[in-house]
Amino acid sequence: MKKDSGTMKEVAERCTRFDSCCHGSCGCHNSSKEESVSCINCSHYNPENVCDLDLYREIVENHNL
């Protein structure tokens, strides 16, 4: 599964559970309003580069990214 910066931005823009590290505490919100949206800026993206909510693969597959 590709995890380049462009794909991680597209996934984050489509993710309804995106929570930027700045907000924390899972104050999930509409990611499309953020300027620097990316999975790497999400509180659910762990140090092993995996979405703790397991949404990355689902979003990539559902949106043909």
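Report follows, based on the coordinates. (Residues numbered from 1 in each chain as written. Predicted model: local features only at pLDDT ≥ 70, side-chain atom pairs only at ≥ 80, totals over all residues. Heavy atoms only, no water.)

1. What to know about helix α1 (residues 5–14)
Turning to step 1, where the next piece is worked out: Taken as a whole, α1 has its buried residues at T7, M8, V11 and A12. One side of α1 holds all its buried residues, which, seen down the axis, span an arc of 135 degrees.
Turning to step 2, where the next piece is worked out: Against α2 (56–62) lie the buried residues of α1.
Turning to step 3, where the next piece is worked out: Residue D4 occupies the N-cap position of α1, its side-chain oxygen lying 3.1 Å from the main-chain nitrogen of G6. (Buried < 20%, exposed > 50% of the residue type's maximum accessible area, 1.4 Å probe, protein only. Helix = DSSP H or I, 4+ residues; strand = E, 2+ residues; numbered from the N terminus. Arc of directions from axis to C-beta. Contact = heavy atoms within 4.5 Å. Polar contact = N/O pair within 3.5 Å; in protein donor to acceptor, adjacent residues only side chain to side chain.)

2. Looking at the environment of L65
Turning to step 1, where the next piece is worked out: Relative to the helices and strands, L65 is located in the segment after α2.
Turning to step 2, where the next piece is worked out: For the pair formed by L65 and V11, sequence separation is 54 residues and the distance between their alpha carbons is 8.0 Å.
Turning to step 3, where the next piece is worked out: When sequence neighbours within four positions are dropped, the list of residues in contact with L65 reads K2, T7, E10, V11, R14, I59 and V60.

3. Quick word on unusual backbone geometry
Turning to step 1, where the next piece is worked out: Even without glycine at this site, N49 takes up a positive phi of about 60 degrees.
Turning to step 2, where the next piece is worked out: The residue N49 is located in the loop between α1 and α2 in this model.
Turning to step 3, where the next piece is worked out: Here N49 falls in the partly exposed class, since its relative accessible area comes to 43%.
Turning to step 4, where the next piece is worked out: Residue N64 is not a glycine yet carries a positive backbone phi of 50 degrees.
Turning to step 5, where the next piece is worked out: In this structure, N64 sits in the segment after α2.

4. Some words on the state of the cysteines
Turning to step 1, where the next piece is worked out: Applying the stated criterion to the full structure yields zero disulfides.
Turning to step 2, where the next piece is worked out: Take C15: it sits in no disulfide, and the sulfur closest to it among the cysteines is that of C42, at 6.1 Å.
Turning to step 3, where the next piece is worked out: Looking at C39, it has no disulfide partner, and the nearest cysteine sulfur is the one in C51, 6.8 Å off. (Disulfide = S-S within 2.5 Å.)

5. Some points on the pattern of salt bridges
Turning to step 1, where the next piece is worked out: Summed over all chains, the structure comprises three salt bridges.
Turning to step 2, where the next piece is worked out: The shortest N-O distance in the salt bridge between E13 and K9 comes to 2.3 Å. Residue E13 and its partner K9 are both found in helix α1; the two are separated by four residues, about one turn of the helix.
Turning to step 3, where the next piece is worked out: For K9, a relative accessible area of 36% puts it in the partly exposed group.
Turning to step 4, where the next piece is worked out: Across the salt bridge formed by E61 and R57, the nearest N and O atoms sit 3.9 Å from each other. Within this pair, E61 and its partner R57 are both found in helix α2, separated by four residues, close to a single helical turn. (Salt bridge = Lys/Arg side-chain N within 4 Å of Asp/Glu carboxyl O.)

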